[in-house]
Amino acid sequence: MARLARLADSRLLIPVRLLGLTALAFVAVGIFLLLFGKNPLAAYRAIFAGAFGSTYGLSEVVVRAIPLMLCAAATAIPARIGLLNVGGEGQLHAGAMAATWGALTLGFLPRAALLPGLVALGLLGGAAAALVPAVLRWAAGVNETISTLLLNYVIVLLVEYVVRGPWKDPLSYNWPFTPEFSDSARLGLYWGTRIHAGLWFALVAIALFYFVLRRTRWGYEVRVIGDNPEAAVRAGIPLGRYILLTMCAGGALAGLAGMAEVCAIQSRLRPGISTGFGYTGFLVSWLALHHPLGIVAMAVLLGVLSVGGDQVQISLGLPYATVNIIMALIFFVVLGSRFRAARTA
Amino acid sequence: MYLRLDGITKSFPGVLANCGINLEVDRGEIHALLGENGAGKSTLMKVLYGFYQPDAGTISVDGARLDLRSPSDAIRAGIGMVFQSFMLIPAFSVVENIALALPRLGVVPDTADIRERVRQYGARYGLTVDPDAKVWQLSVGEQQRVEIIKLLVSGARILILDEPTSVLAPHEIRGLFEILQTLRRDGYTILFITHKLKEVMAIADRITVLRKGSVVGTLSRDKATEQDLAYMLLGERELRTDTFSRRGRADGARPVLELESVSVPGERGRCGLAGVSLSLHGGEILGVAGVTGNGQTELGEAILGLRRAAHGRILLDGVDVSHATTARMLEAGVACIPEDPLRMGVAPGLTIAENMILTERRRFMPRGGLFTDWRAIRRAIEERIENFGLTIPRLTVPVGTLSGGNVQRLLLLRELSRRPKLLVTFYPTRGLDVAATRMAHELLMMARNGGAAILLISEDLDELLDLSDRLVVFSRGAIVGAFRPGEIDTVDIGLLMTGAKRHEWHDSPASPIPAS
């Protein structure tokens, strides 16, 4: 028994445990569906058929995994020094807004000049949105969980304002969106699907995150802070600088997700460019225990659920909320098992 | 036998902490558990307290076998424990803290009743403490008394005390022993964890010696001598007396560290520093005696750049560093052994190797650490560790899995191998066993003879008198006396430390150091 327990704690088995726990959540939702007289197996078949049954479904999984990976990184990087960034949604919108400004005012530039600029603007916009709570935390000790969460509403409302006000498309018959971007501001789409260059951004960002964390002195210092901030300060590690750096790096990646959404998927800024990617990304990061590779895996899993959610609505008449319930239960089960592990350790 | 532990075995990943331990304790006995760090004393007692579940073995009290799955089971069975770090809530009053420990606390706690019981126990056993004082206002000795009252009020008959004397001044230790003797007279059974031979001989009825997770033997006190116990404790290792080769310090040189009437505000009702002046030369150990919480922390943290001085100046090699950052102080050759090594000195989740480079990151991880050769680092550290005669299993295990004593040794090793110009060390041997203490003392002496200036903040007066070239006594954030060892004995220092006596014969508070 003791040996089994040790085995269960070994790092190699973490993915297995996560899979098992995910399965547990599916069973729980199944019972819930049964209570409402729906066949859970049919629902799950619909979800997975939706995601894997067609090239379209598969490609849509990737399309949704892209912002999820970036927003998860936005949570995971600050989480490594013990900060809770719940502001992915706002940072995504800030990045989208900054990129939109670039696309609308510099749209005449050739593609090779404009796109890198838009990427930079997306990064900067997200970073700026994260800088506010970071500075508040560093200078005044304001809890970043609350400030990032509240800032989400502010930034989303700001987007609402600009698309109805100063940036509104004059030809939109009063629809709240900006004019369509010029072709030079569009990110490339691949293979006749909606998969876009944001995929490379996300994978490169995650690889960089992994590399910096494991192979550089900065990553080392981040891990020391995350493990014991007091010892870090006493060893002369500048805690304040790392609060600003990790928050802004995280915010920048969420902003990049926003840039990719407006430049590849929407071609314009409008409300609802994100279906809660910031919040789901937060979930992805926690499910992955803030581990870069885990983030890729969990982003794909939640991508599957989100694409499958559309299918459940169409074929079974179940609400999309079914999928939200599954996500929430996975989250509870995984976090619950972590607390249990921490208690018995 | 009243209390029986039979074949207790407990292992942690990679460590066998207890190996088939048998222990028998009589009712109304003070039973000492003697052993070095990592001998398994604390683990064994945490098993008895239900904090750990043993891999094998049984516990019985009065012939009835106990199945202890948690501390609350133990409390219900009449077993209570005072941990080394107290489990009190500083913002709560004594009564409120004790109410928390009661097994059946009503929705509206009857505080009047608890207050009355605190008074009763206080009067009966000499556990005097103000029931309405907030815990943060109490001295460490008083907090310990609160912990003991907590056990008595919750109905414990078997009291486990984990190194209760390590935080006390000498006269407080005497007070504690009197309390324990009264408790014994009333039939309480006391298990006393320690590694100090003197205390064992002063208080215990019987002594069980542990080494490397096993029982070496159990002796009754009248049949034991300190020599026997030391032999059992250390095994075959050679016993030496403490004599240090002390090379004279460089005279006339400019002091490495000078404090000019430095004041630091205290936090949360604690006293800070009130106009402290001192100077410290290379090749000299300046001892700072004082009860914990009398400004020593603030002193160390001000020097390290972790706290700003409100008034006064701090000079390092004659340069004003009052506003220098911690990183700059470390680079300038200042090192620190903090008061709580595990909490302040290391990142417990990181490996030993990663922790050993914490204060020399730039040297070991140049160019952003892109080309860090961990294998070479591990080899270098292994070499250092061997040179210091330490045995550490693997450098790739997390530091958090090591015993407190081993963490302290690694910290000493890490900081001293930087060859610091100034070493600020807090309680360098707190929690260390006999062998490790001797090693730590030798290391400090070696550093001193090598020219380092050492600020030795300690509560262990024997240590202070043995090692220091000069000695200052702290009370309420100020220096209340300055001596050379030999001019004063431990009892007088103890009285000065606790403010029970003021030192009348130093000339002026602004320059408390006698000219050398």
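All values reported here derive from a predicted model rather than from experimental measurement.

So what about the overall build of chain B? Which residues, and what values?
Secondary structure assignment for chain B yields 18 helices and 20 strands. Scaling as 2.2 N^0.38, a compact globule of 516 residues should have a C-alpha radius of gyration of about 24 Å, and chain B matches this with 24 Å. Oriented by its inertia axes, the alpha-carbon framework of chain B measures out at about 70 × 55 × 50 Å. Expressed as a percentage of the 516 residues in chain B, the buried residues total 45%.

Can you lay out the sheet that holds strand 13 (residues 284–289) of chain B for me, pointing to particular residues and giving the numbers?
Hydrogen bonds along the backbone pair up the strands of a sheet, which may run parallel or antiparallel. Residue and element names in this part refer to chain B. Taken in spatial order, the 6 strands of this open sheet run 16-17-18-13-19-20, and their pairing is mixed. Each edge of the open sheet is held by one strand with a lone partner, namely strand 16 (334–337) and strand 20 (478–483). Direction aside, the axes of adjacent strands within the sheet are offset by 20 degrees on average. Summarising the sheet, strand 19 (residues 470–475) and strand 20 pair through 5 bridges and their orientation is antiparallel. Pairing of Leu471 across the sheet is with Phe483, part of strand 20. Sheet strands touched by helix 15 (residues 404–416): strand 16 and strand 17 (422–426). Its angle to strand 16, the strand with the most contacts, is close to 175 degrees. Taken strand by strand, helix 18 (residues 490–497) contacts strand 13, strand 19 and strand 20, and its axis lies near 35 degrees from that of strand 19.

Break down helix 1 (residues 41–48) of chain B for me, with residues and values.
Residue and element names in this part refer to chain B. For helix 1, a buried count of 8 out of 8 residues is recorded, marking the element as mostly surrounded by other parts of the structure. Buried residues of helix 1: Lys41, Ser42, Thr43, Leu44, Met45, Lys46, Val47 and Leu48, and no others. Remark: Gly50 follows helix 1 within two positions and exhibits a positive phi of approximately 80 degrees.

Pulling in residues and values, what's your account of the sheet that holds strand 7 (residues 158–162) of chain B?
All names here are of chain B. Read from one edge of the open sheet, 6 strands run 6-7-8-3-9-10, paired in mixed fashion. Across the chains shown, the open sheet's two edge strands, defined by having one partner strand only, are strand 6 (79–82) and strand 10 (214–220). On average, each strand axis in the sheet is tilted by 20 degrees relative to the strand beside it, whichever way the strands run. Here strand 9 (residues 206–211) pairs with strand 10 via 6 bridges, running antiparallel.

Outline the packing of helix 3 (residues 94–101) of chain B against helix 5 (residues 140–153) of chain B, supporting the account with residue identities and numerical values.
All names here are of chain B. The interhelical angle for the contact between helix 3 and helix 5, taken along N-to-C directions, is 40 degrees, at an axis separation of 9 Å. Between helix 3 and helix 5, the angle falls in the class oblique. In the crossing of helix 3 with helix 5, the sense of the turn from one axis to the other is right-handed. Every residue of helix 5 that contacts helix 3 at Val94, Asn97, Ile98 and Ala101 is listed here: Val146, Ile149, Lys150 and Val153. Residue classes in the contact of helix 3 with helix 5 are distributed as 6 nonpolar, 1 polar and 1 charged.

Residues and numbers for the confidence of the model for chain B, please.
Residue and element names in this part refer to chain B. Looking at chain B, pLDDT values average 82 and 90% of them are 70 or higher. The low-confidence segment residues 503–516, where pLDDT is below 50, has 17 contacts with residues more than four positions distant or belonging to other chains. Taken together, the chains of this predicted complex give a pTM of 0.74 and an interface ipTM of 0.76.

Tell me what's going on with the domain arrangement of chain B, and back it up with residues and numbers.
Residue and element names in this part refer to chain B. Taken domain by domain, chain B consists of domain 1 (3–234) and domain 2 (257–497). Relative placement of domain 1 and domain 2: their C-alpha centres are 30 Å apart. Taken residue by residue, the interface counts 17 residues in domain 1 and 24 residues in domain 2. For the side of domain 1 that touches domain 2, the secondary structure elements donating two or more residues are helix 6 (170–185) and helix 8 (226–234).

Describe the nonpolar core, with residues and values.
Counting residues in hydrophobic clusters, the biggest one holds 257 residues, and the most contacted among them are Met69, Leu70, Ala73, Cys263 and Ile295 of chain A. Shared between two domains, this core takes at least three residues from each, and those domains are domain 1 (3–234) and domain 2 (257–497) of chain B. Contacts of Leu70 of chain A, omitting those with residues within four sequence positions, involve Phe201, Ala202, Ala205, Leu253, Ala254, Leu256 and Ala257 of chain A.

Mind laying out the interface of chain B and chain A, listing which residues take part and the relevant values?
Each partner contributes to the interface: chain B provides 24 residues, whereas chain A provides 18 residues. Within the residue set of the side of chain B that touches chain A, elements represented by two or more residues are helix 10 (326–331) and helix 11 (341–345) of chain B. Grouping the constituent residues of the side of chain B that touches chain A by class yields 14 nonpolar, 6 polar and 4 charged.

Can you explain the pairing of strand 19 of chain B? Please cite residues and give values.
Residue and element names in this part refer to chain B. Of all 6 residues in strand 19, 5 are buried, a share of seventy percent or more. One ladder, built from 4 bridges, connects strand 13 with strand 19; its direction is parallel. Residue pairing in the sheet places Ala289 in a bridge with Val473 of strand 19. Once strand 19 ends, the chain turns through 2 residues before running back antiparallel as strand 20, passing Arg476 with a positive phi of about 50 degrees.

Please provide a residue-by-residue account of helix 3 of chain B, values included.
Of all the positions in helix 3 of chain B, only Val94, Val95, Asn97, Ile98 and Ala99 of chain B are classed as buried. The secondary structure elements touched by the buried residues of helix 3 of chain B are helix 4 (111–125) and helix 5 of chain B.

Describe the environment of His31 of chain B, naming the residues involved and giving the relevant values.
All names here are of chain B. With respect to the helices and strands, His31 occurs in strand 3 (residues 30–35). Separated by 265 residues in sequence, His31 and Gln296 have C-alpha atoms that sit 34 Å apart. Excluding residues that lie within four positions of it along the chain, His31 makes contacts with Val25, Ile190, Leu191, Phe192, Ala204, Asp205, Arg206 and Thr208.

Go over the environment of Gln84 of chain B, please, and point to the residues and values.
Residue and element names in this part refer to chain B. In this structure, Gln84 sits in the loop between strand 6 and helix 3. Gln84 sits in the partly exposed class, given 15 other C-beta atoms within 10 Å. Through-space distance from the C-alpha of Gln84 to that of Ser42 is 9.6 Å; in sequence the pair is 42 residues apart.

Tell me about the packing of helix 4 (residues 55–79) of chain A against helix 12 (residues 277–287) of chain A, and please be specific about residues and values.
All names here are of chain A. Between helix 4 and helix 12, the shortest axis-to-axis distance is 7 Å and the interhelical angle comes to 60 degrees. As far as their axial angle goes, helix 12 and helix 4 are oblique. Judged by the twist between their axes, the crossing of helix 4 over helix 12 is right-handed. The residues of helix 12 that touch helix 4, namely those facing Pro67, Leu68, Cys71, Ala72, Ala74, Thr75, Ala76 and Ala79, are Phe277, Gly278, Thr280, Gly281, Phe282, Val284 and Ser285. When its residues are assigned to classes, the contact of helix 4 with helix 12 shows 10 nonpolar, 5 polar and no charged.

How each quantity is defined
Residues numbered from 1 in each chain as written. Chains lettered and ligands numbered in written order. Predicted model: local features only at pLDDT ≥ 70, side-chain atom pairs only at ≥ 80, totals over all residues. Helix = DSSP H or I, 4+ residues; strand = E, 2+ residues; numbered from the N terminus. Rg over C-alpha atoms; globule rule 2.2 N^0.38 Å. Buried ≥ 20, exposed ≤ 12 C-beta atoms within 10 Å, placed from the backbone. Pairing = 2+ DSSP bridges. Axes fitted to C-alpha atoms, helices over the stretch in contact; angles between N-to-C directions. Contact = placed C-beta atoms within 7 Å. Parallel < 35°, antiparallel > 145°, perpendicular 65-115°, else oblique. Left-handed = near helix turned anticlockwise from the far one by under 90°. Nonpolar A, V, L, I, M, F, W, Y, C, P; charged D, E, K, R; others polar. pLDDT = per-residue confidence, 0-100. Domains from an automatic or database assignment. Core = buried A, V, L, I, M, F, W, Y, C linked by C-beta atoms within 7 Å.

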